[in-house]
Amino acid sequence: RILEMHDPRHTIIFNLCETLPGIPNSEKRVIQTIEDSGFTYTGNNPDLIDLSYDKQRVKELLVSLGIAVPAGAVLAPEEAADWNIFPAIVKPSHEHCSLNITEKSVVYDTASLREQIIQVNRELKQPAMVEDFIDGREFRVSVWNNDPPEILPVVEMSFAAFTDPRRRLCTYESKFASGSEHYRKIESIVPAPLDYKLQRKLEKKVLKTWKGF
């Protein structure tokens, strides 16, 4: 009903919908409705949204494009003893928006690793992905689907307010809990302070990924 009030020939939709209330994994339905109505919109198409829910598959595609990714695997609790890269981060393998990601997601030993895998399995009813935890700079890079494609100003998520590596990450609270310390102290710097060499390297890898998907 909202879309019917607008003419697709003269309207661009900036799609910020994460999900429909009470309907899990419904981003695809929203985008499909927008697309079927003939609108130009921002963000990924329905098939890519579906793909993004499978973190392991996305990593495999990135590797096939020659993009470096952190070492990682989907592990069951009984396989925790086979993992030997610490610190590690434990994530749900089929989720978005840092759901279930807290400071406890970063682990330094086998016992904590196993505990976090069980927690993901139990609370989200899905496998857990374990990865080498990279304590470094973090960037968000958007691309306009122009001809040729155009990279927008790079955004850096600054964790300068935190010294403990376990706190230097985007948790669920940092994105959605406005009263939390992470939400208040993680700063978005636009444009990111990048030297020319790093800027070009980042742009090259982003465009290679964008075209590959």
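Residues numbered from 1 in each chain as written. Predicted model: local features only at pLDDT ≥ 70, side-chain atom pairs only at ≥ 80, totals over all residues. Heavy atoms only, no water.

(A) Structural context of the overall build of the chain. From N to C terminus, the chain includes seven helices and eleven strands. A compact globule built from 213 residues would reach a C-alpha radius of gyration of about 17 Å, and the chain, at 19 Å, matches this within 12%. Seen through its principal axes, the chain has C-alpha atoms that stretch 55 × 45 × 40 Å. When the 213 residues of the chain are sorted by exposure, 32% land in the buried category. Sequence-distant contacts in the chain: of pairs separated by 6 or more residues, those separated by 24 or more amount to 61%. Roughly 13300 Å² of accessible area belongs to the chain as shown, and the carbon and sulfur atoms make up 53% of that amount. (Helix = DSSP H or I, 4+ residues; strand = E, 2+ residues; numbered from the N terminus. Rg over C-alpha atoms; globule rule 2.2 N^0.38 Å. Buried < 20%, exposed > 50% of the residue type's maximum accessible area, 1.4 Å probe, protein only. Contact = heavy atoms within 4.5 Å. Areas by Shrake-Rupley, 256 points an atom, 1.4 Å probe, with all protein chains shown as cover.)

(B) Fine view of helix H3 (residues 55-64). Within the sequence span of H3, burial applies to Val58, Lys59 and Leu62. When H3 is viewed along its axis, its buried side chains cluster within an angular range of 100° and face the same direction. Turned more than 90 degrees away from the buried face of H3, the exposed residues are Val63 and Ser64. Looking at the buried residues of H3, the elements they touch are helix H2 (46-52), strand S3 (72-75), strand S6 (128-132) and helix H7 (196-212). (Arc of directions from axis to C-beta.)

(C) The arrangement of a nonpolar patch on the surface in detail. On the surface, a nonpolar cluster with roughly 330 Å² of combined accessible area is contributed by Ile12, Phe14 and Trp144. Relative to the helices and strands, Phe14 is located in the loop between strand S1 (12-13) and helix H1 (27-36). (Patch = residues over 30% accessible without salt bridge, like charges linked within 9 Å, V, L, I, M, F, W, Y side chains within 5 Å. Salt bridge = Lys/Arg side-chain N within 4 Å of Asp/Glu carboxyl O.)

(D) Region of the structure containing the sheet that holds strand S11 (residues 187-189). A sheet is described by the order of its strands in space; here three strands give the open sequence S7-S10-S11, paired in antiparallel fashion. Looking at which strands have only one partner, the edges of the open sheet turn out to be strand S7 (138-140) and S11. Along the sheet, successive strands turn relative to each other by an average axial angle of 30°, direction set aside. Direction of pairing for S7 relative to strand S10 (residues 155-158): antiparallel, over a ladder of three bridges. Along S10, the bridge assignment pairs Glu138 with Met157. (Pairing = 2+ DSSP bridges. Axes fitted to C-alpha atoms, helices over the stretch in contact; angles between N-to-C directions.)

(E) View of the sheet that holds S3. Taken in spatial order, the four strands of this open sheet run S3-S6-S4-S5, and their pairing is antiparallel. In this open sheet, the two strands that pair with only one neighbour each are S3 and strand S5 (106-107). Across four bridges, S3 lies against S6 in antiparallel orientation. Across the sheet, residue Ala73 finds its bridge partner in S6, namely Val130.

(F) Local environment of the packing of aromatic side chains. Summed over all chains, the structure comprises one aromatic pair. Aromatic side chains Tyr172 and Phe176 sit 4.9 Å apart centroid to centroid with 40° between the ring planes, which places their arrangement in the tilted category. In this pair, Tyr172 and Phe176 are both assigned in helix H5 (residues 172-176), four residues apart and thus about one turn of the helix distant. Looking at Tyr172, the relative accessible area reads 36%, which means it is partly exposed. (Phe/Tyr/Trp six-rings, centres within 6.5 Å; stacked < 30°, edge-to-face > 60°.)

(G) Just the side chain of Ser158, in detail. Within the fold, Ser158 resides in strand S10. If near-sequence neighbours (up to four positions away) are discounted, Ser158 is found in contact with Lys185, Ile186, Glu187 and Ile189.

(H) Representation of a positive patch on the surface within the structure. A cluster of basic side chains, namely Lys197, Lys201, Lys204, Lys205 and Lys208, defines a positive patch on the protein surface. Relative to the assigned elements, Lys197 resides in helix H7. (Lys, Arg positive; Asp, Glu negative; His and termini not counted. Charge placed at Lys NZ, Arg CZ, Asp CG, Glu CD.)

(I) Representation of H1. For H1, every residue scored as buried is listed here: Glu27, Val30, Ile31 and Ile34. For H1, the angular spread of the buried residues around the axis is 90°, confining them to a single face. Of the residues in H1, the exposed ones pointing more than 90 degrees away from the buried face are Arg29 and Asp36. Along its buried surface, H1 packs onto S1, strand S2 (40-41) and H2. At the exit of H1 stands Gly38, carrying a positive phi of roughly 85°.

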